[in-house]
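Below are the chains, spelled out letter by letter.
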Amino acid sequence: MRKPVSRILVINDETLVLKEFVKGLNAAAKSLDNPLGIVFTGITTARDALKAIEEDGDIQAVIVDDTLYTLKNNGAGNSRVLQMSALELVQKITRFRPELDVYILIAQEQEDEVVDALFSEAVDGYFYREERDYRGIYRILNAQMQEKADTPFYDALKSYVLMAKDAWHTPGHSSGDSLRDSPWISDFYEFMGEHVFDADLSVSVPMLDSLMEPTGVIAEAQKLAAKAFGARRTFFATNGTSTGNKVIFQTLIAPGEKLLLDRNCHKSVHHGVVLSGAHPIYLDSSLNKRYGIFGPIPKKTIMRAIEEHADAEALVLTSCTYDGLRYDLAPIIEAAHHKGIRVVVDEAWYGFARFHPAFRPTALESGADYATQSTHKVLSAFSQASMIHVNDPLFNEHIFRENFNMHTSTSPQYSMIASLDIARKQAVMEGYKLLARTLALSKELRQQINSSGVFRVLELEDLLPDEVRNDNIQLDPTKVTVDISECGYTVDELQNELFERYNIQVEKSTFNTLSLLLTIGTTRSKVSRLYDALMRIAREGRSPRRLYRTPEIPGFTQLKYLPRDAFYCGGTTLPILDDQDKLNAALTGKVAADQITPYPPGIPVLVPGQVITAGIVTYLAGLLRSHKRVELHGIVYDGYLPCVRVLTSSDEKGLKKLKA
């Protein structure tokens, strides 16, 4: 097993003092217990220190002298001028890499002055310059770094599993005993591995704490996660960000209260609207018609909605989008807060952003009250393992906890919780290094794909819909969108070719693009194999084909009733097409009782309570007849006949209409 290297940077402008300090600390590291591989490196200037912090992902901490001077006139006359104050340098370091531990070397006579100046900054400790207690300093640094690298829940789970206790409790497989010797399913046990079953435990084990009311190792793990991601509070979710979104809406919104939301939000947001009884104000996303890619809501649309609906309880946005487009959040959040509207940001695809300056600011750094993250999508956690981060100054923990417990299983998967613990550890200890590699691979892959002469990577200017070009939208470069329109394949044929012939599975597609997701697990070998596959396909020299684009989703129509009220009506089903395969005119003017979501793109064309127009019926029929297979979530089939559940006249009589 590879051992870690943890470099600590000592910044002091006096060469002899620095040399002695580094030598003493390295001697202490060699003579004492050093499980994290701590080594000390000295640097004399603030500029070189900042450069090293940018280039070396193994740097875990810095020790900054409280005054950094440089010799004037090449040392003539020993005149010294201040390079940079400790305060300024600490601010630069923490803005660039907030996960680093920062310590200050101070002179005893300057103690109060320096400590007061740095009190509000992210400083982890102070050492006296003249007290050369290298072993003592090392012990403190080592202890605090081990605390940062601690995984309290994973450690407790591993410890319990290795105790090998006899299980007289759930789950039924009893640490795999029911599978191990079975002639029918022992292959599953062998494939999955013994520890998968050993670690699949019951809430009957007190030392592993309770996800529903944590007071022990889960609480400790969540506290460490909150510090790592810049939140006041963090909660682990074991059934995805979908649940996180629903919990937040039910916490913030009472039935009938307004919620501003992106119509392009994940379907869990729309399900949360039904569950909470919210009165949604749907805001249409921007659309890049050339590529069929949906972008952020135009800033002017959001600002207008905030002004017109100042009585809204919350605003919900997705940043970044599936395709990597992210909002300039700070001015939007500031405007919402000015009206007393809390802001929830779905960061399902952006949970790594805190750990490299190329991706920041994060939603929380921009002032968001809540952020939900699919840790499993972009960091090293198991599927369904997510986090809910809270910075809301009005946070009602009791109400939140009641809603959280309403959605959380009383038998959570402990391996998922452990994976959240280790994903946070990895992000803090080597996230910057891994993300720097991912960014380099993204740049390399983009150049390679473009060199094919057939495939082309779409950059920000290509992806931006016209209506958001002046909104300071940024692109997450780990999401790579490829224009495939010149390759001679349809997108379905190309995906099949990549899968069957080259063993490559891509993230998603539109009618003329493929989306590739790079993560901290992407390797140069994977990049090379993808490049080789695309070059081979490009060299086939096929003539471009006409690609049939998916019909454009209609804009949001009228919401006649609260989605919750409409959803819980019995309703009736009406077909989209009649027996002659013609549009069913009887649907026009009816009110939907279900959410109908074409995937892709995953935007609901209908939500419960929404009035159905002729344009929507035409759109749904177009998807059903499309050459490209599109899933239609929410459609009811009566035999082979696709139908929509709608409200009956008697249903509508019992409902209260929303004001226009």
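Heads up: the structure comes first, above all this text.
First, a word on scope: everything that follows refers to the structure included in this document.

Thresholds applied
Residues numbered from 1 in each chain as written. Predicted model: local features only at pLDDT ≥ 70, side-chain atom pairs only at ≥ 80, totals over all residues. Heavy atoms only, no water. Buried < 20%, exposed > 50% of the residue type's maximum accessible area, 1.4 Å probe, protein only. Helix = DSSP H or I, 4+ residues; strand = E, 2+ residues; numbered from the N terminus. Pairing = 2+ DSSP bridges. Salt bridge = Lys/Arg side-chain N within 4 Å of Asp/Glu carboxyl O. Disulfide = S-S within 2.5 Å. Contact = heavy atoms within 4.5 Å. Axes fitted to C-alpha atoms, helices over the stretch in contact; angles between N-to-C directions.

### As for the pairing of strand S17 (residues 386-390)
(1) Moving on: The buried count for S17 comes to five of five residues, which makes it a mostly enclosed element.
(2) Moving on: Taking every second residue as pointing to the same face, both faces of S17 are buried, with Ser 386, Ile 388 and Val 390 on one and Met 387 and His 389 on the other.
(3) Moving on: Judged from the five bridges that link them, strand S8 (residues 233-237) and S17 form a sheet pairing that is antiparallel. The residue bridging Thr 234 from the neighbouring strand is His 389, located in S17.
(4) Moving on: For strand S16 (residues 370-373) and S17, the ladder comprises four bridges, and the chain directions are antiparallel. The residue of S17 that forms the bridge with Tyr 370 is Val 390.

### Digging into the pattern of salt bridges
(1) Moving on: All chains considered together, the criterion is met by 33 salt bridges.
(2) Moving on: Between Arg 7 and Asp 58 there is a salt bridge, and its shortest N-O distance comes to 3.9 Å. With Arg 7 in strand S1 (residues 6-11) and Asp 58 in the loop between helix H2 (46-55) and strand S3 (59-65), the pair connects residues that are 51 residues apart, well separated along the chain.
(3) Moving on: Between Asp 101 and Lys 148 there is a salt bridge whose closest N-O contact spans 3.9 Å. In this pair, Asp 101 is assigned in strand S6 (residues 101-106) and Lys 148 in helix H5 (residues 134-148), connecting sequence segments 47 residues apart. Of the two residues, Asp 101 and Lys 148, both sit in the buried class.
(4) Moving on: One network of salt bridges, with partners in common, ties together Arg 7, Asp 56, Asp 58 and Lys 433.

### Some remarks on the state of the cysteines
(1) Moving on: By the definition in use, this model includes zero disulfides.
(2) Moving on: Free of any disulfide, Cys 643 has its nearest neighbouring cysteine sulfur in Cys 569, separated by 19 Å.

### Some words on helix H12 (residues 267-276)
(1) Moving on: Among the ten residues of H12, seven are classified as buried, and the element is accordingly described as predominantly covered.
(2) Moving on: Residues Ser 268, Val 269, His 270, Gly 272, Val 273, Val 274 and Ser 276 constitute the buried set of H12.
(3) Moving on: In this fold, the buried residues of H12 make contact with helix H11 (240-252), strand S9 (258-262), strand S10 (279-283), strand S13 (314-318) and helix H21 (563-567).
(4) Moving on: Following H12 by one or two positions, Gly 277 has its phi on the positive side, about 80°.

### Some words on the sheet that holds S16
(1) Moving on: Pairing in this open sheet of seven strands is mixed, and the strands run S8-S17-S16-S15-S13-S9-S10 from one edge to the other. If you trace the sheet from one side to the other, it starts and ends with S8 and S10, each paired once. With direction set aside, neighbouring strand axes in the sheet form an average angle of 20°.
(2) Moving on: Pairing of S9 with S10 involves five bridges; the strand directions are parallel. If you follow Asp 262 over to S10, its bridge partner there is Leu 283.
(3) Moving on: Contacts between helix H10 (residues 217-229) and the sheet are confined to S8, S16 and S17, with S8 contributing the most and set at about 120° to the helix.
(4) Moving on: In the packing of H11 onto the sheet, the strands contacted are S8, S13, strand S15 (342-346), S16 and S17, and the crossing angle to S16 comes to about 160°.

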